[in-house]
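Observations on the three-dimensional arrangement
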Amino acid sequence: MTRLLLVLLIVDAALLAVLELFFLPLYVGGTVPFPVTVLVAAVTTPLLVRLAGRLVAPRAAFAPLVAWVLVIVVVGLFGPGGDLVLLQDWRALLLIAGGALPAAMSLGGVLAVPPKEGATARG
């Protein structure tokens, strides 16, 4: 059951990364760039990391973050048909920072939680 849940969280991270990439060039009124997907990435990626750490295992908390980063890089640079989906401007950097940095901080928080009472330390 926990493996299925982890796979579901990884697939969710990958799908979110694809959607965030494709909607990154969104404009408001046709003239003003409005990267709303950066906000989506800043909220959902840390949430997936925390869920993986809490529901599966603290060691598995890195999996959604790794999946998100891999999809951003692979689809962004080698997109469908060989197209470059990742924009070459400030919005791409904002997306990567907005998704990876909060998720990395959540990962640190998940891994910093002391083991439960009664659990034996493995060495």
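Note that the coordinates shown come from a computational prediction; the quantities given were computed from them, not determined experimentally.

**Description of the overall build of the protein**
Within the protein, the secondary structure is distributed over four helices and two strands. The linear arrangement of helices and strands in the protein, starting from the amino end, is α-β-β-α-α-α. Across its three principal axes, the protein shows a C-alpha extent of roughly 60 × 25 × 25 Å. Taking all 123 residues of the protein together, the buried fraction comes to 35%. A separation of at least 24 residues holds for 71% of the contacts in the protein among residues at least 6 apart in sequence. Of the roughly 7700 Å² that the protein leaves accessible, carbon and sulfur atoms contribute 74%.

**Quick notes on the side chain of Thr-37**
Positionally, Thr-37 belongs in helix 2 (residues 36-56). Among the residues examined, Thr-37 registers a relative accessible area of 5% and is labelled buried. Once residues lying within four places of it in the same chain are set aside, the contact partners of Thr-37 are Leu-19, Glu-20, Phe-23, Leu-24 and Leu-95.

**A closer look at helix 1 (residues 2-22)**
The first and last C-alpha atoms of helix 1 sit 30 Å apart over 21 residues, in line with the 30 Å expected at 1.5 Å per residue. Elements that come into contact with the buried residues of helix 1 comprise helix 2, helix 3 (62-77) and helix 4 (90-112).

**As for helix 4**
For helix 4, which comprises 23 residues, the first-to-last C-alpha distance of 32 Å matches the rise-based estimate of 33 Å (1.5 Å per residue) to within 8%. Within helix 4 the residues assigned to the buried category are Arg-91, Ala-92, Leu-95, Gly-98, Gly-99, Ala-100, Ala-103, Ser-106, Leu-107 and Val-110. Next to the buried residues of helix 4 lie helix 1, strand 1 (27-28), strand 2 (32-33), helix 2 and helix 3.

**A closer look at the UniProt feature "transmembrane region" (unreviewed entry) in the protein**
Here the UniProt-annotated "transmembrane region" (unreviewed entry) positions come out as residues 26-49, 61-80 and 92-113. As annotated, residues 26-49 comprises 58% helix and 17% strand, and the C-alpha atoms at either end are separated by 26 Å. Span residues 92-113 is 95% helix and 0% strand, its end C-alpha atoms 32 Å apart.

What counts as what
Residues numbered from 1 in each chain as written. Predicted model: local features only at pLDDT ≥ 70, side-chain atom pairs only at ≥ 80, totals over all residues. Heavy atoms only, no water. Helix = DSSP H or I, 4+ residues; strand = E, 2+ residues; numbered from the N terminus. Buried < 20%, exposed > 50% of the residue type's maximum accessible area, 1.4 Å probe, protein only. Contact = heavy atoms within 4.5 Å. Areas by Shrake-Rupley, 256 points an atom, 1.4 Å probe, with all protein chains shown as cover. Expected span 1.5 Å × (residues − 1). UniProt positions renumbered as here; feature names shortened; annotations may be inferred.

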